[in-house]
Every structure is written in structure tokens, then in C-alpha cells.
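# A structural walkthrough
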Amino acid sequence: DVKVTQSSRYLVKRTGEKVFLECVQDMDHENMFWYRQDPGLGLRLIYFSYDVKMKEKGDIPEGYSVSREKKERFSLILESASTNQTSMYLCASSLLTGSGALAKNIQYFGAGTRLSVL
Amino acid sequence: TQLLEQSPQFLSIQEGENLTVYCNSSSVFSSLQWYRQEPGEGPVLLVTVVTGGEVKKLKRLTFQFGDARKDSSLHITAAQPGDTGLYLCAGVNSGYALNFGKGTSLLVTP
């Protein structure tokens, strides 16, 4: 079974702190993703990475950065946490196989980190 | 980002009832996935539908992909409390990222 592990289930931080959210996957997947999930807004993509040291902005990258120094690990960084970054953060990994109609892009999610910024 | 609209947003039913959830878009997708997210956990893939008109069954859950590959539905027969959760559809095209709908939150009470 694919395992995606997020380092913390719950975090409480203060405004202005630098926050690191860590994610590790054990299936040698090329691609990793960070989402935030808020009531009524669904899953919104923050950043993704398709290879070591490679990153792409998602839909809402402002206020966040990421780091992928090793294939299995993808970190989300809040440089200066703000109250509007209070949310559930989900990490996912995937392996793209096939192409066109046969393309498979199954995402495997961690259990999430619920971050509160006070 | 290609928009996926899910309806209804919330659904509260009693055990034994049937229900249908919808996922609609104006865009064509090469395939569409359905995930279920239980409280306190991350989403888990239930099924992928690929061919227009395709129907897939997973025990009491029936998934259908629209003929034009723009929409999908999930029908649950005789719902059980264990079906409670957030149901998310996700459109798949070329590229790395999926397009997720906002989800349908289902509560099944005994």
C-alpha cells in the first residue's frame, strides 16, 4: 500500500512564525502536491513538484513556498504565518502512467495537518 | 483551471435511502475520478471512469461517466452510516494536476 505521511496532525502557531509542514511518501512517486482544504472552497492546489528540486505554482501559491530536496519528501513553508492561513493542509503523491484516454493519475493523500494560526 | 460543479453540496439521509450526487463541467476530460474522504482522513480513490457512457459498480455504489465526458454521477443504493463522508470528483487531463470539485458532504443516520 502507498503511504503518504504528514509529520503533524495538528499544529498551533502564532502570527508571523515560520512554519514547516513535512510530507513523506514511500512509493517512489515522481509527483507530489500540497493542497489546502476549507469549508465551501474544496481542495485548492498550492504547489506541486514533478521531480526533485522542481516545483510549479498551483492556484493559490501566495504566502507559501515549497522544497523538494529528495524524491520522497516535499515540504510546505509558510514564511510568515497569518490567520488566513488557518486551514487543513493535505499532501498527495502520484505516478503518471499511460497517455491520452489511458492516462492514469491517481493521487494518494496523507491524513492532513490541521493548522491554526493565532 | 477547468471548473467542476458538484451537487448537492450537503445531503443528510436516513439509512436505507437511495441518493445520487452529480459532477458537472463545461469541459471535456479524458477521465474522471471519484474520491471519498472520511472525517479526519485524506481522500481515497473510489473509481476512475474513462469511456463516455461508462458505468462502473462498486458494491452499492454506481458511477456513470456522461457520453460527452463532461459530467458524471454517483448513485448509492440503500445507504449505510459507513457511507458518510465527503465525495469529491476530479477531472483528469494531460498534466500533473487534477481538477477537483468542491465536494458533496453526505451524512447517513441510522
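Look up a bit, the structure's there.
Residues numbered from 1 in each chain as written. Chains lettered and ligands numbered in written order. Predicted model: local features only at pLDDT ≥ 70, side-chain atom pairs only at ≥ 80, totals over all residues. Heavy atoms only, no water.

This paragraph deals with the interface of chain B and chain A. Taken together, the contact pairs 22 residues of chain B with 24 residues of chain A. Between chain B and chain A, a total of about 1,800 Å² is buried, with carbon and sulfur atoms accounting for 58% of that surface. The interface formed by chain B and chain A holds zero salt bridges in total. Of all elements in the fold, only β4 (31-37) and β9 (85-92) of chain B reach the threshold of two or more residues within the side of chain B that touches chain A. Looking at which element gives the most residues to the side of chain B that touches chain A, the answer is β4 of chain B, with four residues. For the side of chain B that touches chain A, a count of residues per class yields 11 nonpolar, nine polar and two charged. (Contact = heavy atoms within 4.5 Å. Buried area = accessible area lost by both parts, 1.4 Å probe. Salt bridge = Lys/Arg side-chain N within 4 Å of Asp/Glu carboxyl O. Helix = DSSP H or I, 4+ residues; strand = E, 2+ residues; numbered from the N terminus. Nonpolar A, V, L, I, M, F, W, Y, C, P; charged D, E, K, R; others polar.)

Moving on to the environment of Asn-18 of chain B. All names here are of chain B. Locating Asn-18 in the fold gives a position in the loop between β2 (10-14) and β3 (19-24). When the C-alpha atoms of Asn-18 and Gln-80 are compared, they prove to be 9.8 Å apart, with 62 residues separating the residues in sequence. Setting aside residues no more than four positions away along its own chain, Asn-18 makes contact with His-75, Ile-76, Thr-77 and Ala-78. A polar contact of 2.8 Å, which involves the side chain of Asn-18, links it to the backbone nitrogen of Ala-78. (Polar contact = N/O pair within 3.5 Å; in protein donor to acceptor, adjacent residues only side chain to side chain.)

The analysis is restricted to geometry; functional conclusions fall outside its scope.
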